[in-house]
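Below are the chains, spelled out letter by letter.
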Amino acid sequence: MNRRTVLVLAVIAAVLLIFAAGSIRQAPWSGPAARAVAERGALSDAEKANVEIFEKVSPSVVQVVTQTAANPLSEEQEGGAASGTGIVWDNDGHVVTNNHVVQNASQVAIRFASGEAVRAEIVGTAPNYDLAVLRIRSARKLPPSLALGSSADLKVGQFAYAIGNPFGLDQSMSSGIISALKRRLPTSSGREISNVIQTDTAINPGNSGGPLLDSAGRLIGVTTAILSPSGSNAGIGFAIPVDIVNRVVPELIRNGRVPTPGIGIVTANEAVATRIGAEGLIVVRTTPGSPAERAGIRGVDMSTGELGDVITAVDGKPVHRLSDLADQLEQIGVGKKVRLSVNRDGSARDVEVAIVDIGRAQ
């Protein structure tokens, strides 16, 4: 086959391809027709309630992003940047989140559901409650603050909803129930948060600092932690009760810190009390110059190992562990006095002790 013949065949092939392409464009689709879309039925009442909660609350839930030195304690941190969730608290631009989200942060930014990102500053932190308050420096328009509920009348089994930014994803909502109440949760400060809410609502890294809501869309808690060997949701999440949040946050806004009520004692843990059969809180020693020392509270005699005072009640309410005492002192408040029932040498007696802010001296 000579070159002329090859060229002629190539031209013919090109013409046929062009003709075929034109035919394909012009020929009507003769395959199966696209299926018709079925009309959607009405949403159930439960679905409508879920949608209403999300649409009402989500604008007031923000993403909190911090720039910080490497912090191995933060599960939400990657490459020096940590991400969590926050709640618009008031019309003055205050945002509530977890202390561990902003711990050691050098810079803080807030991103709204609208996508607007603004700078924020830390107003105050309360490590004993894993709470922090931020203030937005400037924003075009603040979303409304969330309606507050109460954690005092919660019931195991009632519905609970969480909105946050798990794994950095935007505006994710999950639902479940309140699984348990009155849990105790240790904090990084070495103290325990009492009356913590347990829920099976999906909570993952990045949800920290977000709202836990009831079926009316009211804030009933601030999500703070999960219990999971893998670090992901395993059906056991915890939230700080809103009654504690509503007591701590105004104090942080006013003063930047929360008083730590105390009487100046060091106590043995409950395992020691159980082992020796003591009913109550064993006083190991008193802090020099503390209200407990001035009131005559006795600690363990270190030379003989003989027990001193065992605190059995605070203002008539039984005490079994340090968190029981701390709860009562917090409710009574700094600057007031408390009546301790103590067991000393097998006999019961009452001692009046002043409550002071032990955190200011630390």
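The structure this text deals with has already been given above.
To start, this report covers the structure provided alongside it.

About the cut-offs
Residues numbered from 1 in each chain as written. Predicted model: local features only at pLDDT ≥ 70, side-chain atom pairs only at ≥ 80, totals over all residues. Heavy atoms only, no water. Core = buried A, V, L, I, M, F, W, Y, C linked by side-chain atoms within 4.5 Å. Buried < 20%, exposed > 50% of the residue type's maximum accessible area, 1.4 Å probe, protein only. Helix = DSSP H or I, 4+ residues; strand = E, 2+ residues; numbered from the N terminus. Contact = heavy atoms within 4.5 Å. Expected span 1.5 Å × (residues − 1). Salt bridge = Lys/Arg side-chain N within 4 Å of Asp/Glu carboxyl O. 1 Å grid on protein atoms, 1.4 Å probe; cavity = no way out; pocket = protein on both sides within 12 Å on 5 of 7 lines; lining within 4 Å. Points joined across faces, edges and corners; volume = space filled by probe spheres on them. Nonpolar A, V, L, I, M, F, W, Y, C, P; charged D, E, K, R; others polar.

## A closer look at the nonpolar core
Here is step 1: The biggest cluster of nonpolar side chains holds 29 residues, and the ones touching the most others in it are Val57, Val96, Tyr129, Leu131, Leu213, Val245 and Val248.
Here is step 2: Looking at this core, the elements with two or more residues in it are α2 (45–57), β6 (117–126), β7 (131–136), β8 (159–164), β10 (192–199), β12 (219–226), β13 (237–241) and α4 (242–255).
Here is step 3: Tallying contributions element by element places α4 first for this core, with six residues.
Here is step 4: Setting aside residues no more than four positions away along its own chain, Val57 makes contact with Leu146, Ile163, Leu213 and Gly217.
Here is step 5: Grouped together as the second largest cluster of nonpolar side chains are 18 residues, Ile263, Ile297, Val351 and Ile355 included.

## So, α4
Here is step 1: Taking 1.5 Å of rise per residue, the 14 residues of α4 would be expected to cover 20 Å, and the 20 Å separating its terminal C-alpha atoms lies within 8% of that figure.
Here is step 2: For α4, the complete set of buried residues consists of Val242, Ile244, Val245, Val248, Val249, Glu251 and Leu252.
Here is step 3: Positive phi shows up at Gly256, right after α4, with a value of about 80°.

## With respect to unusual backbone geometry
Excluding glycine, most residues fall at negative phi; most peptide bonds, likewise, are trans.
Here is step 1: With a phi angle near 45°, Gln171 is a residue other than glycine that sits in the positive phi range.
Here is step 2: Relative to the assigned elements, Gln171 resides in the loop between β8 and β9 (172–186).
Here is step 3: Judged by its relative accessible area of 19%, Gln171 falls in the buried class.
Here is step 4: Look at Lys182: it is not a glycine, yet its phi comes out positive at around 60°.
Here is step 5: One can find Lys182 in strand β9.

## Some remarks on the environment of Leu185
Here is step 1: Positionally, Leu185 belongs in strand β9.
Here is step 2: The residues contacting Leu185, other than those within four sequence positions of it, are Arg191, Glu192, Ile193, Val196, Thr224, Ala225 and Phe238.

## Concerning the pattern of salt bridges
A side chain with one charge may pair with a side chain of the opposite charge, provided their charged atoms come close.
Here is step 1: Per the counting criterion, the structure on display carries nine salt bridges.
Here is step 2: In this structure, Glu251 and Arg254 form a salt bridge, with 3.0 Å as the shortest nitrogen-oxygen distance. With Glu251 and Arg254 both in helix α4, this residue pair falls three residues apart, about one helical turn.
Here is step 3: On the basis of relative accessibility, which here comes to 19%, the residue Glu251 falls in the buried class.

## Focus on empty space enclosed by the protein
Here is step 1: A complete count under the given rule lists one cavity of 30 Å³ or more for this structure.
Here is step 2: The space that makes up the largest cavity amounts to roughly 70 Å³.
Here is step 3: Forming the walls of the largest cavity are Asn128, Tyr129, Arg191, Glu192, Ile193, Ser194, Ile244, Ser323, Ala326, Asp327 and Glu330.
Here is step 4: Breaking the lining of the largest cavity down by element, the ones donating at least two residues are β10 and α7 (322–332).
Here is step 5: Across the lining of the largest cavity, the residue classes tally to four nonpolar, three polar and four charged.

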